[in-house]
Amino acid sequence: MTIEPVGHAYPFDPLEAESLNGVTVSDSISGEPESADGNFVRVRLAAGPLAGPVLWRVVSMVLARADWPLERLDDMLLVCDALSAHAFAHACDATVTFSIQADKHDAELRVLDLIDDGASGLVKDAVLPVVGNVLERIAERVYAEPGTHCDGSQLVLALRARSSAHP
Amino acid sequence: MTPDMELALTARAENIAVVRYALGGLGEAFAVSESKLSDIRLAVTEACANVVVHAYPDGHYGPMEVIANKDEDTLTVLVRDWGRGIGPRPDSPGLGLGLSLIAALADSVQLAHGDIEHTEVRMTFSLADSQTSIPTPPGTPSRAQASGHEA
């Protein structure tokens, strides 16, 4: 076993470091963006078997660390399943970037890098029999914003730790 | 090349747990054996801990990235930061075993300091003979199928 220097080799397209904190919980969602510095994670996933398990794990860890109740973590399992199953059909390329930021009251989950109308298409796809639209049932607000990649769109889910669905 | 997963986080100690938990998805997605997954998690944890402890000045929290890609029977994991690079640190609070431990657990380790001021530790792990073959009973739905979201 040896440790080798690799010089400037750079095998993957990098995420831009300066954009790490480019997405923050807006005042309209949290009112107190106390965790803008810490409880923020961005994950870019390629279509494939890893997407679902990793997305759920990252989102649930961020929310658990923010002391979200267990029933809301269960809700987010459905949300992550829906997003990982359908987001790639609306993506600019073979990857989708998600960001999650949370404090103890609010969270914001973004699906970036979607094509134009991809955000609305993703919402339309997230329908379960009997339950209805998973994203709209679980998130307090679901809306689209202009994307920063491929002139597309991004989907924003604003969530509260204490949902009206779980009084 | 597009990796399977890129995680971008702040280099804080609590975020190492996020990385460890995310890596657990490898076991779920690729049926990596628990012992191999433990080695991977420990090596990546050490690399992330190095970033948290050494990359940025005390009181400053810079970015940390963890990138993973599976190709055939090989998993490559990069841990990257934009800090002050790898070098001797006489006041290091650790035992200085991090890189040695990584080297012992990974099949290869490469260190790089790139031209965009990043430092990276690249680890490869052979997954040959470490992937479990747990038979799935016929008709057993995946989690996505169970929730009605199979693409």
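Up top is the structure.
Quick summary incoming for the structure in this document. Keep in mind the model is a prediction, meaning the values are calculated, not measured.

## Things to note about the overall build of chain A
From N to C terminus, chain A includes 5 helices and 8 strands. Counting helices and strands in the order they occur from the N terminus, chain A gives β-α-β-α-α-β-β-α-β-β-α-β-β. Burial analysis of chain A (167 residues in total) assigns 55% to the buried set. Sequence separation of 24 or more characterises 66% of the internal contacts of chain A that already satisfy a separation of 6 or more. Summing over all exposed atoms, chain A offers an accessible surface of approximately 7,100 Å²; the carbon and sulfur share of this is 53%.

## Describing the pairing of strand β3 (residues 74-81) of chain B
Residues and elements named next belong to chain B. With 7 of 8 residues buried, β3 is to be regarded as a mostly interior element. As consecutive antiparallel partners, strand β2 (residues 63-71) and β3 are separated by 2 residues, and within that stretch glutamate 72 has a phi angle of approximately 55°, a positive value. Strand direction decides the pairing type here: β3 and strand β5 (residues 119-126), joined by 8 bridges, are antiparallel. Counterpart to leucine 75 in the pairing with β5 is phenylalanine 125.

## Digging into the side chain of B:Lys36
Take B:Lys36: it is sitting in helix α2 (residues 34-55). Excluding anything up to four places from it in sequence, B:Lys36 contacts B:Asp107, B:Phe125, B:Ser126, B:Leu127 and B:Ser130.

Conventions and cut-offs
- Chains are numbered independently. Their residues run from 1 in the order of the written sequence.
- In the order they appear in the text, chains get letters beginning with A and ligands get numbers beginning with 1.
- Confidence filtering applies because this is a predicted model: local features only for residues at pLDDT of at least 70, side-chain atom pairs given and counted only at 80 or more, and all residues used for totals across whole chains, interfaces and linings.
- The side-chain quantities take in all heavy atoms of the structure and omit both hydrogens and water.
- Here a helix means four or more residues in a row that DSSP labels H or I, a strand means two or more in a row labelled E, and each is numbered from the N terminus.
- For each residue, the accessible area found with a 1.4 Å probe, counting protein chains only, is set against the maximum for its type, and the residue is called buried under 20%, exposed over 50%, and partly exposed in between.
- A contact between two residues is defined here by any heavy atoms of the two lying within 4.5 Å.
- Computed by Shrake-Rupley with a 1.4 Å probe, the accessible areas treat only the displayed protein chains as cover when residues are assessed.
- At least two DSSP bridges between two strands are required for those strands to pair.

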